[in-house]
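Given next are the chains, with one letter for each unit.
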Amino acid sequence: MNVLRTYDIHIVGLENKRYEYDFTSDDAFFAALEQDLIEKGSVQTHLVLDRSETMLRLDFHITGTVEQTCDRSLDEYDEPVDTRQTMLLKFGDHNEELSDDIELIERNTATINVARYIFEFISLSLPMKRLHPRFRDEEDSDDDLQNGKVIYRSDADTNDEEQPDVDPRWAALRKLNNN
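Summarised in this report is the structure supplied together with it.

Procedures and definitions
- Counting from 1, residues in each chain are numbered in the order their sequence is written.
- In keeping with the predicted nature of the model, local features appear solely for residues at pLDDT of at least 70, side-chain atom pairs appear and are counted solely at 80 or more, and the whole-chain, interface and lining totals rest on all residues.
- Note that water and hydrogens are dropped before the side-chain values are worked out from all heavy atoms of the structure.
- Secondary structure elements are taken from DSSP: a helix is a run of H or I of four residues or more, a strand is a run of E of two residues or more, and numbering for both begins at the N terminus.
- By the convention used here, residues are in contact when the closest approach between their heavy atoms is within 4.5 Å.
- Two strands form a pair only when DSSP identifies at least two bridges running between them.
- For salt bridges, the criterion is a side-chain nitrogen of Lys or Arg within 4 Å of an Asp or Glu carboxyl oxygen.
- For the exposure calls, accessible area comes from a 1.4 Å probe over protein chains only, and a residue counts as buried if that area is under 20% of its type's maximum, exposed if over 50%, partly exposed in between.
- Aromatic rings from Phe, Tyr and Trp, taking only the six-membered ring of Trp, are treated as a pair when their centres fall within 6.5 Å; an angle between ring planes under 30 degrees marks them as stacked, one over 60 as edge-to-face, and anything in between as tilted.
- Each ring is checked for a lysine NZ or an arginine CZ that lies within 6 Å of its centre and within 35 degrees of its normal; such an atom marks a charge sitting over the ring.
- Every patch collects residues that have over 30% relative accessible area and no salt bridge, joining them within 9 Å if they carry like charges and within 5 Å if they are nonpolar side chains (Val, Leu, Ile, Met, Phe, Trp, Tyr).
- All accessible areas in this document rest on Shrake-Rupley with a 1.4 Å probe, and a residue is counted as covered only by the protein chains that are shown.

Comments concerning the environment of Arg107
Working step 1: Position of Arg107 among the secondary structure elements: in the loop between β7 (102–106) and β8 (111–113).
Working step 2: Remark: the alpha-carbon pair of Arg107 and Val12, spanning 95 residues in sequence, is separated by 9.1 Å.
Working step 3: Setting aside residues no more than four positions away along its own chain, Arg107 makes contact with Glu53, Phe91 and Gly92.

And the structure:
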């Protein structure tokens with residue numbers, strides 16, 4: 001049996017009310033998606049489906065850990081995942097992705113598979129720079145040092161007294177400009 005079939009939700013006979021689903025995703029889930037970003041993990045998803053006449057509102061709460069490879073040391077580590085996302089599926093006459101969180105689906109759609117949404121939301125919650133937790137303290141201290149330096153400062157309320165002496169050639173040009 002296909003692992004991703006467990007993420008099918010039959011929407012054809014649902015009444016207009018709220019439904020709750022729980023999914024557990026493990027290594028087989030990530031392998032079935034045929035991607036290279038995440039290979040191993042253990043993630044629990046609580047999905048609240050709110051059906052109305054014109055759309056489906058899917059509220060995802062995803063928690064767990066996924067295995068990542070550190071960009072610096074190539075050590076594997078578990079990255080915690082805890083994200084809340086919302087997806088709107090509006091009923092229309094064709095399938096189309098309108099934005100990142102709104103899609104059109106045909107009115108006669110019998111089932112929706114939420115595996116793709118779960119994977120996308122997990123992927124979006126991961127940091128771009130994959131660092132093992134032992135290196136994150138170093139990165140934070142580097143950021144603190146950089147945050148302490150003033151690179152450029154522009155004050156709107158500077159007084160004429162604080163300005164340095166102007167080159168006399170520029171002062172002469174300024175006099176010409178003021179006339």
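On we go.
Points about the sheet that holds strand β3 (residues 41–51)
Strand pairing within a sheet occurs via backbone hydrogen bonds; the two strands may be parallel or antiparallel.
Working step 1: In spatial order, the strands read β2-β3-β4-β5-β7-β6; together these six strands make up an open sheet with mixed pairing. The sheet is open, and its two borders are formed by β2 (18–25) and β6 (96–97), each paired with just one other strand.

Observations regarding the pattern of salt bridges
Working step 1: One pass over the full model with this rule turns up seven salt bridges.
Working step 2: A salt bridge links Arg116 to Glu120; its shortest N-O distance comes to 3.6 Å. Pair noted here: Arg116 and Glu120 are both in helix α2 (residues 115–125), with a separation of four residues, about one helical turn.
Working step 3: In this structure Arg116 comes out as partly exposed when scored by relative accessible area, which is 37%.
Working step 4: Residue class for Glu120 comes out partly exposed when judged on its relative accessible area of 32%.
Working step 5: A single salt-bridge network, built from bridges that share partners, covers Glu103, Arg116 and Glu120.

A look at the packing of aromatic side chains
Working step 1: Scanning the entire structure with this criterion turns up six aromatic pairs.
Working step 2: Grouped by ring-pair contacts, the aromatic residues Tyr7, Tyr21, Phe23, Phe29 and Phe30 constitute a single cluster.
Working step 3: A cation over a ring is seen here: Arg72 above Phe135, with NZ or CZ 5.0 Å from the ring centre.

Describing the pairing of strand β5 (residues 76–92)
Regular strands place their side chains on alternate faces of the sheet.
Working step 1: Across 15 bridges, strand β4 (residues 55–69) lies against β5 in antiparallel orientation. From the neighbouring strand, Gln68 faces β5, where its bridge partner is Tyr77.
Working step 2: Linking β4 back to β5 in an antiparallel pair, the connection comprises six residues, with Leu74 at a positive phi of about 65 degrees.
Working step 3: Sheet topology note: the β5/β7 ladder contains five bridges and is parallel. Residue pairing across strands places Gly92 opposite Glu106, the latter belonging to β7.

Details of a nonpolar patch on the surface
Working step 1: A grouping of Val166, Trp170, Leu173 and Leu176 is seen on the molecular surface, where their side chains present a nonpolar patch of about 460 Å² in accessible area.
Working step 2: By the secondary structure assignment, Leu173 is in helix α4 (residues 168–178).
Working step 3: Residue classification places Leu173 among the partly exposed residues on the basis of a relative accessible area of 47%.

A look at the environment of Leu49
Working step 1: Looking at where Leu49 falls in the secondary structure, it is placed in strand β3.
Working step 2: By relative accessible area, which is 0% here, Leu49 ends up buried.
Working step 3: Linking Leu49 and Tyr19, residues 30 residues apart in sequence, is a C-alpha distance of 5.0 Å.
Working step 4: What Leu49 contacts, discounting residues up to four positions off in sequence, is Ile9, Leu14, Lys17, Arg18, Tyr19, Tyr21, Leu56, Arg57, Leu58 and Ile112.

Purely spatial values, then, with no claim about function.
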